[in-house]
Amino acid sequence: MQRKRISLLIVTACLVGSAAVAGNYSTEATIFLQKDEGELNVDVRVSQLVDQNNKLVEQLLFAPRIKTAPGVPASIYAGPAHTDSEYASKENVTVDVSWPYPNESGTAFCAVIIKRGDEVVSKSKLQLKIEGPGRVPLVVAAQEIDPKSVRVVDEKTLTYVLLEFAGKTREEVKKLALDNYGNKVQIRDFVMSVLVWLPGQQSPVHGHEVWCAYGVVEGELTEEQYRAAGNRIEPAKTAVLRAGDIADLDVDRRVIHRVCNRSDAPLATLHLYGVAAERLTTGINRLYPLGLDQPS
Ligand SMILES: [Fe+2]
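Residues numbered from 1 in each chain as written. Predicted model: local features only at pLDDT ≥ 70, side-chain atom pairs only at ≥ 80, totals over all residues.

Brief notes about the overall build of the chain
Put simply, the test is: To qualify as a helix, a DSSP run of H or I must reach at least 4 residues; to qualify as a strand, a run of E must reach at least 2; elements of each kind are numbered from the N terminus. Burial in this document is a count-based property: other C-beta atoms within 10 Å of a residue's C-beta are tallied, and the residue is buried at 20 or more, exposed at 12 or fewer, or partly exposed in between, with C-beta positions derived from the backbone. By the convention adopted here, residues are in contact when the distance between their C-beta atoms, placed from the backbone, does not exceed 7 Å.
Counting its regular elements, the chain contains one helix and 20 strands. A buried classification covers 33% of the 296 residues belonging to the chain. A fraction of 66% describes how many contacts in the chain between residues 6 or more apart in sequence connect residues 24 or more apart.

Structure below.
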């Protein structure tokens, strides 16, 4: 296994805010490219700098790790759940990683946003030129899935797990979609996908190039919704959905959101996208790779 350390970033960020909550944080992000395995690993360490006897001491808050494949954006959250009573008073961190598709030149990003509740207290960003050697799909898709039969069968990789499912015909899926969404969308060319999210895993912030609908099969989902504000986006609301719940239907391609598993158990979600199957991995999402900073 060829393991290559690409870059190391150390950022110390001064904070804004009241004296009662002000402090300093140290963010380190280390990116490893495992070329033979076509895998990118990002190790992040977020520490709080505390004054002890006139010496600055680092107290580790979070050490999340992200594994992803070339060209596949990834994101992870560490901290209290949105519904936790300590959510507003304790730090949480979101790490977003994106990098070029294979055989394309481009820039890889690693953005680390530290918040206390919903308030941003520190932002750090690493970016570097990178060439990707190839990728594997993050999305596990199937034309025929019975959502009731979805079970997590493999937790060996941190990137994704495969699913076990039994058949439901394409016609049955079409009927399901029509029953749920009526004539709001044209159910002609569509793909159904099941995604499994391990605790802490989440999607990048994104909009959709096609109509889409999704719901929760198993577990608890936290959805962060954003709204456009000029050429920026800003947080709009956060919703928690559970098994059987169906999220807002995005017919007009206006939804901008992040899908998150902030629970302690695996989460399975079922998605319908108005797109041809061969465009599943490239034709759906419009990414906002730096979260709150800049639409791509
Ligand atoms: Fe989405």
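Considering the pairing of strand β15 (residues 212-218)
Threshold: For two strands to count as paired, DSSP must find a minimum of two bridges between them.
Burial analysis of β15 places six of its seven residues in the buried class, which makes it a mostly covered element. Judged from the six bridges that link them, β15 and strand β19 (residues 267-273) form a sheet pairing that is antiparallel. What sits directly across from Val-216, in β19, is Thr-269.

A word on the sheet that holds β19
Stated formally: Every axis in this analysis is a line fitted to C-alpha atoms, fitted for helices over the stretch in contact. Angles between the N-to-C directions lie between 0 and 180 degrees.
A sheet is described by the order of its strands in space; here three strands give the open sequence β12-β19-β15, paired in antiparallel fashion. Edge strands, defined here as strands with exactly one partner in the open sheet, are β12 (191-197) and β15. Neighbour-to-neighbour, the strand axes of the sheet open up by a mean angle of 20°, direction not taken into account.

Points about the nonpolar core
Selection rule: As used throughout, a nonpolar core is a set of buried Ala, Val, Leu, Ile, Met, Phe, Trp, Tyr and Cys residues joined through C-beta atoms within 7 Å of each other. An automatic or database domain assignment supplies the start and end points of every domain.
If you look at the biggest cluster of nonpolar residues, it comprises 49 residues, and the most contacted ones within it are Val-42, Val-95, Val-97, Cys-110 and Val-112. At seven residues, the largest contribution of residues to this core is made by strand β8 (residues 105-116). Lining this core are residues from two domains, each supplying at least three of them: domain 1 (3-131) and domain 2 (147-287).

Observations regarding the pairing of strand β17 (residues 232-242)
The pairing of strand β16 (residues 220-229) with β17 spans 10 bridges and is antiparallel. Following the sheet pairing, Glu-224 is matched in β17 by Thr-238. Linking β16 back to β17 in an antiparallel pair, the connection comprises two residues, with Gly-230 at a positive phi of about 65°.

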